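Results of the structural survey
Each chain, letter by letter, is given below.
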Amino acid sequence: MSHIEPEAKIFACSQSVYLAEQIAKHYGTELGKVTFSTYSDGEFQPSFEESIRGLRVFLVCSTFPSADNLMELLLMIDAAKRASARHITAVIPYFGWARQDRKDKPRVPIGAKLVAKLLESAGATRIMTMDLHADQIQGFFEKPVDHLFASTIFLPYVRSLNLENLTIASPDMGGSKRAYAYSKFLESDVVICYKQRKQANVIDTMELIGDVRGRNVILVDDMIDTGGTLAKAADMMMERGALSVRAICTHAILSGGAYEKIENSQIQELIVTDSIPLKRESAKIKVVSCAPLFAEVMHMVQNNNSISGKFIV
């Protein structure tokens, strides 16, 4: 008797509905129905409005702040478990709290580890995410983790620009591995910014390791929060003789005055994915959808096919 995989259904948390709809469209199905009841004090309760007994359930939810997004996902996982779903895959395009991946000073939590335990305790049987802030976060889980790379969708766009004298840059030492991976695939030079912070989101000093004179530079990072690092790096590179500076950032957090910093900086174009919905449009921001990538990998997971071909860099 041949083994038949359970049917799959896709559901979304309230702040990730648009992305989930696009994923479902590329997957070839409709987004499942789920409702949220909200009490007057702000407490909420999700409810699946269709049977998921014995099915594979994909729950799409980027866990960017506020913590309500994470709480929604945890409640949906618990609801799916109690509704007898056979497999529960938490599809987390942006894995929030990932910057807390270690104890960088005394008496602080390891938030990413805590989130991993919460997801597993709620009942997630598989995690699917993209461009984790730190690769080692995969090791915080005892369940399978499909860690996708946004380079799969960014690299074709970069090639379409047909830039000459291309140089890939990392805005900090921690992103040097990512920058070297991009440069190897694009056969380009690499430069690295060395920065020191006074405190979170506040840069004290920044220096450039490498030469950008006469080069078209593309900064590569996993996320952009306040935009201070990228704006400062771009301005410095233009002062050092770069022809142009673009930036690729997977997750567009864009908090505080980030939009103004980007618009007033020397960055010619900021290319991001839709893992986090933009708060507003900007002439400098180009969005490349990650929905086709997630839909394709979800098909592969559903059919028990290898996903290694999706890892370009």
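Residue numbers restart at each chain and count upward from 1, following the sequence in its written direction. Residues qualify for local features only when their pLDDT is at least 70, as the model is predicted, and side-chain atom pairs are given and counted only at 80 or more; totals for whole chains, interfaces and linings, by contrast, use all residues. As a rule here, side-chain values come from all non-hydrogen atoms in the structure, and water together with hydrogens is ignored.

Looking along a regular strand, one sees side chains alternate from face to face of the sheet. Judged by how many residues are buried, strand S11 (residues 216-224) sits mostly within the fold: nine of nine residues are covered. Of the pairings in the sheet, the one linking S11 to strand S12 (residues 244-252) comprises eight bridges and is parallel in character. Along S12, the bridge assignment pairs valine 220 with isoleucine 248. Call a crossover right-handed when, viewed with both strands pointing away from you, the route from the first strand across the helix to the second goes clockwise. The helix count covers DSSP runs of H or I at least four residues long, the strand count covers runs of E at least two residues long, and both are numbered beginning at the N terminus. A crossover links S11 with its parallel partner S12, the connecting element being helix H6 (residues 228-239), and its sense is right-handed. Exposure categories follow from relative accessible area, calculated using a 1.4 Å probe and restricted to protein chains: below 20% of the type maximum is buried, above 50% is exposed, and the middle band is partly exposed. Pairing between two strands requires that DSSP report at least two bridges joining them.

Moving on, we get to H6. Structural remark: α-helix, 3.6 residues per turn; residues separated by three or four positions point the same way. If you check H6, its first and last C-alpha atoms are 17 Å apart, about what twelve residues at 1.5 Å a residue would give, namely 16 Å. Downstream of H6 by one or two residues, glycine 241 has phi in the positive range, about 100°. Any helix carries an expected span of 1.5 Å times its number of residues minus one.

Here the focus is the side chain of aspartate 222. Its location among the elements puts aspartate 222 in strand S11. No salt bridge is formed by the buried aspartate 222; the nearest opposite charge belongs to arginine 178, separated by 4.1 Å. For this analysis, residues touch if any pair of their heavy atoms sits within 4.5 Å. Residues within four places of aspartate 222 in sequence aside, it is in contact with Asp131, Leu132, His133, Arg178, Cys249, Thr250 and His251. Think of it this way: Lys and Arg go in the positive column, Asp and Glu in the negative one, and His and the chain ends go nowhere. By salt bridge we mean one thing: a side-chain nitrogen of Lys or Arg within 4 Å of a carboxyl oxygen of Asp or Glu.

In the segment running from proline 65 into serine 66, the intervening peptide bond is cis, with an omega of 15°. As for its placement among the helices and strands, serine 66 is situated in the loop between strand S4 (56-60) and helix H2 (68-82). Its identity as a non-glycine residue notwithstanding, leucine 254 has a phi of 50°, on the positive side. Relative to the helices and strands, leucine 254 is located in the loop between S12 and helix H7 (258-264). Judged by its relative accessible area of 2%, leucine 254 is buried. Phi is positive for asparagine 304, which is not a glycine, with a value near 60°. Given the relative accessible area of 53%, asparagine 304 is considered exposed.

Here the focus is the pairing of strand S7 (residues 145-148). Neither face of S7 is exposed, since Val145 and His147 on one face and Asp146 and Leu148 on the opposite face are all buried. Across four bridges, strand S6 (residues 126-130) lies against S7 in parallel orientation. By the bridge assignment, methionine 128 is partnered in S7 with aspartate 146.

For the rest of this paragraph, the subject is the nonpolar core. To form a nonpolar core, buried Ala, Val, Leu, Ile, Met, Phe, Trp, Tyr and Cys residues must be joined to one another through side-chain atoms within 4.5 Å. Core analysis: the largest hydrophobic core is formed by 40 residues, its most contacted members being Ile10, Ile23, Phe58, Met128, Leu148, Phe294 and Met298. Looking at this core, the element that brings in the most residues is helix H8 (residues 291-302), giving eight residues. Sequence-distant contacts of isoleucine 23, defined by excluding residues within four places in its chain, comprise Ile10, Val60, Ala291, Phe294, Ala295 and Met298. Of all hydrophobic cores here, the second largest spans 34 residues; its members include Phe48, Leu55, Leu74 and Ile137.

Such coordinate-based values are descriptive only and should not be taken to indicate function.
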